[in-house]
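Inside the fold
Single-letter residue listing:
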Amino acid sequence: GMLIMTTAQSWAGALGVPTIALFGPTDPERWAPQGRRVLVLRGSPCMCVGSEQVKCCQFRPCLEIPVEHIVHAVERYLLNQSDHAHLPWSERVC
């Protein structure tokens, strides 16, 4: 299933549940779930400085992760579940 809450993602990652975490302007190095079976997908790098600029940003390229990229990552992840050594911990898809 898909997990929206970061707490649920953190538990899933820690328990070894295959987890794909989508990130926008927040730093996945700091906030991503930890675990061997965690894949992080990101949009374009956020150019905003601080949460106030993020709120005012009209274009929000950091939130644009094409659906096709997510589907591709899920398919790749599911096909490679038996060999997690080849999956990157973090991958920027845009």
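What counts as what
Residues numbered from 1 in each chain as written. Predicted model: local features only at pLDDT ≥ 70, side-chain atom pairs only at ≥ 80, totals over all residues. Heavy atoms only, no water. Helix = DSSP H or I, 4+ residues; strand = E, 2+ residues; numbered from the N terminus. Buried < 20%, exposed > 50% of the residue type's maximum accessible area, 1.4 Å probe, protein only. Contact = heavy atoms within 4.5 Å. Core = buried A, V, L, I, M, F, W, Y, C linked by side-chain atoms within 4.5 Å. pLDDT = per-residue confidence, 0-100.

**Let's talk about the overall build of the protein chain**
For the protein chain, the helix and strand inventory stands at 4 helices and 3 strands. Out of the 94 residues in the protein chain, the part that is buried amounts to 27%. When contacts within the protein chain are restricted to residue pairs at least 6 apart in sequence, long-range pairs at least 24 apart make up 50% of them.

**Description of the nonpolar core**
Counting residues in hydrophobic clusters, the biggest one holds 5 residues: A21, F23, A32, V38 and V40. Elements that contribute at least two residues to this core include exactly β1 (19–23) and β2 (38–42).

**Points about the confidence of the model for the protein chain**
Residues of the protein chain with pLDDT of at least 70 account for 79%, and the chain-wide mean is 75. Ranking the elements of the protein chain by mean pLDDT puts strand β3 (residues 90–92) last, at 43, and β2 first, at 87. Scored below 50 in pLDDT, residues 82–94 makes 38 contacts in the model with residues more than four places away or belonging to other chains.

**Examining the environment of S10**
Assignment of secondary structure puts S10 in helix α1 (residues 6–14). C-alpha separation for the pair S10 and P33, spaced 23 residues apart in sequence, amounts to 4.4 Å.

**So, the side chain of T19**
Locating T19 in the fold gives a position in strand β1. Residue T19 is classed as buried on the basis of its relative accessible area, which comes to 4%. Contact partners of T19, with chain neighbours within four places excluded, come to Q9, A12, G13, P33, R37, V38, L39 and Y77.

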